[in-house]
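Structural overview
Listed below are the residues making up each chain.
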Amino acid sequence: MRKRIPTLDMVNKVQAWAWTRPRYLLAGVLGGLLFAAVLQGIAALDFYHWELGTGLLFITLWCFPRRWWPWALAAAMVSHPHTGPLTAVAEPLLVMSGVILLRAWDIRPGAEVSLSRIGLIHVAALVAAAGMAVVEVVVAVASPESWRPDLRELAGAAPFGEASRASLLGNLLLRHMLGDFIGILLVAPLAYWPCTPSAPHAPPSLAVLVRSAAILGPVAGLYLWLGLAFPDSEFAELYRLLLVAAVVVFTLWQGWRGAVAAIVLISAAVALEEALGNPRISLIVSQAYVAVVGALTLLFGASVDDFRRQAADLVRARRQEHRLLDELQVAALRNLQLEESERQRLARELHDEFGQNLAALQTHLKLATPHLASAGRPGMADLLLEITRTMQRNIGRVLADLRPAGLEQLGLFGAVDRGSVRRLAQDAGLRMDVRLEGDARLLGQLDITHATAVYRMAQEAVTNIVRHADARRCQLTLRISRRRRALWVFLDIRDDGLGRLDRLLPGNGITGMRDRVLALNGALYLHQLSPGLRLHLMVRQEDGAPGTGR
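These figures come from a predicted structure and were not determined experimentally.

A regular strand carries its side chains on alternate faces of the sheet. Most of strand S3 (residues 486–495) is tucked away, with 9 of its 10 residues classed as buried. Strand direction decides the pairing type here: strand S2 (residues 473–482) and S3, joined by 9 bridges, are antiparallel. Counted as the bridge partner of glutamine 475 is arginine 494 from S3. Adjacent in sequence and paired antiparallel, S2 and S3 are bridged by 3 residues, among which arginine 484 carries a positive phi angle near 50 degrees. With 9 bridges connecting them, S3 and strand S5 (residues 533–542) associate as antiparallel partners. If you follow leucine 491 over to S5, its bridge partner there is leucine 537.

Shown next, in the form of structure tokens:
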């Protein structure tokens, strides 16, 4: 049977494994020893109210890949400050359970800070701390002689003979749970800080550090000095409340990173007060103060960053909306200009083609009149001439609609006051009063697009009054002014007819008028009068706007 010869790729993989395996083992051993030494070094600080070793193990497991976890757990078990194999083995594994929860929730360093993520980090820390505290209570129940001095010293409890067993066990549970929770609460955000991007409009990390040292540093120092100088003062609780107020204000200013820096300074001040002075409250109450204030401050800082992020998203959305509205308005104005150009082209073609043809037809009919009379049909020529004259009048009305001649000859106000709009009202028996307000010289600065649009809207409004309102009187006011480098044209039309807003249909020319107004960056409003309706519209012509020159 023929032997299988390993390929070159397989040989390379074996060589790579043989080379990296010893290096991995060596790195694991050295890293574990270094981590154990660090844990032993910071164990002295745990005397006050911190369990920084728990926090350091928490972020190590959280930040490093799982293949390095055995070395970190082994280092934590070897350097565990408590006696007994149960606590040395169980507590690092319980810390790992909190990290496993975070990974199951897909919360890793580098994820964006949010209220929900910070809340879940608190939950994971509380689960790990509660589990470790339960282990301590189990060990205390199993060997009470080993935990009595520790409890009296760290929890501030009464001597064992003067306190109930349940009270001492409760103190022990709270002390360890709060200590481990504070340890994670202090260290985990510091590891989360450099991995996460700043919230929009939030200050950079260096600025937060400088401001916290310049502002919260003196505040924490004043708190510590007052506590040491006046240990029996009745204002001790007021000092703590003022410290919380300073932290809240700083967090509101600097966001979540400011909350992290504030919590570190608060914890340091409280710990120094306990170490250097004679605090009036027990260690457990002090731990609860730091834990509650720290947790709420971090959550508040995360909510501030969430609010800033939402505000920045809203600003971006508003800018995008304004940009799209500007583009839409430019497109609508361009379409309106194209529509007017097409109207003028059709008007020219109708005038040139149909007008000339009708004139030629009338000439030929007049020449053919004697022939028709000799053929026994003398009235045929007159009938045909009347038809051609009717066609001329109809084409004239179409031309007036396509290209209002009065607008070019009389101007905007003259075309409304003395042109086809006035004739329309007179033919219908409608009394129309037309007024001009503002600087009349500004009418000459209107471009043809805006002037034509305003004229057509006035024409459409009067047509609607004649057709639907059954009014006897109409008042039309045209006002023009200049504001902020733009011409503003206002058109106010009122009647005393039977129209009502609740019965107004979408048609009746209102939709077309509104489209024209929006295309000209304006607005249209309808108001109910007693009797009648009021139509108020305004359009704006920007100075130097594209397509606004005559």
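Now that the structure is up, let's keep going.
Checked against the element boundaries, histidine 527 lands in strand S4 (residues 523–528). Overall, the relative accessible area of 34% leaves histidine 527 in the partly exposed class. Placed 33 residues apart in sequence, histidine 527 and arginine 494 show a C-alpha to C-alpha distance of 9.4 Å.

This paragraph deals with the packing of aromatic side chains. Overall, the coordinates contain 5 aromatic pairs when judged by the stated rule. Considering the side-chain rings of phenylalanine 58 and tryptophan 62, the 6.3 Å spacing of their centres and the 55 degrees angle between planes classify their relative orientation as tilted. Within this pair, phenylalanine 58 and its partner tryptophan 62 are both found in helix H2 (residues 52–63), separated by 4 residues, close to a single helical turn. Of the two residues examined, phenylalanine 58 and tryptophan 62, each falls in the buried class. A ring pair is formed by phenylalanine 250 and tryptophan 253, whose centres lie 6.0 Å apart and whose planes are at 90 degrees; its orientation type is edge-to-face. Remark: tryptophan 253 and phenylalanine 250 occur in helix H9 (residues 236–276); sequence separation between them is 3 residues, near one turn of the helix. Note on phenylalanine 250: relative accessible area 2%, which makes it buried.

Attention shifts here to the layout of surface pockets. What the second largest pocket holds in volume is close to 380 Å³. In terms of lining, the second largest pocket is formed by 20 residues, of which the most central are Asn464, His468, Gly499, Leu504 and Leu533. Listing elements by their share of the lining of the second largest pocket, those giving two or more residues are helix H14 (448–469), S3, helix H15 (510–519) and S5. Among the elements that line the lining of the second largest pocket, the one with the most residues is H14, at 5 residues. Taken together, the residues of the lining of the second largest pocket sort by class into 12 nonpolar, 4 polar and 4 charged.

Let's shift gears to the pattern of salt bridges. One pass over the full model with this rule turns up 14 salt bridges. One salt bridge connects aspartate 417 with arginine 422, and the closest N-O pair in it is separated by 2.5 Å. Looking at aspartate 417, the relative accessible area reads 18%, which means it is buried. Arginine 422 sits in the buried class, given a relative accessible area of 18%. Through salt bridges with shared partners, a single network forms among Glu112, Asp306 and Arg309.

With respect to the helices and strands, the residue aspartate 492 is situated in strand S3. In this structure aspartate 492 comes out as buried when scored by relative accessible area, which is 8%. With 15 residues separating them along the chain, aspartate 492 and threonine 477 place their C-alpha atoms 5.0 Å apart. Ignoring anything within four residues of it in the chain, the contact list for aspartate 492 reads Gln475, Leu476, Thr477, Arg534, Leu535 and His536.

Conventions used here
Residues numbered from 1 in each chain as written. Predicted model: local features only at pLDDT ≥ 70, side-chain atom pairs only at ≥ 80, totals over all residues. Heavy atoms only, no water. Buried < 20%, exposed > 50% of the residue type's maximum accessible area, 1.4 Å probe, protein only. Helix = DSSP H or I, 4+ residues; strand = E, 2+ residues; numbered from the N terminus. Pairing = 2+ DSSP bridges. Phe/Tyr/Trp six-rings, centres within 6.5 Å; stacked < 30°, edge-to-face > 60°. 1 Å grid on protein atoms, 1.4 Å probe; cavity = no way out; pocket = protein on both sides within 12 Å on 5 of 7 lines; lining within 4 Å. Points joined across faces, edges and corners; volume = space filled by probe spheres on them. Nonpolar A, V, L, I, M, F, W, Y, C, P; charged D, E, K, R; others polar. Salt bridge = Lys/Arg side-chain N within 4 Å of Asp/Glu carboxyl O. Contact = heavy atoms within 4.5 Å.

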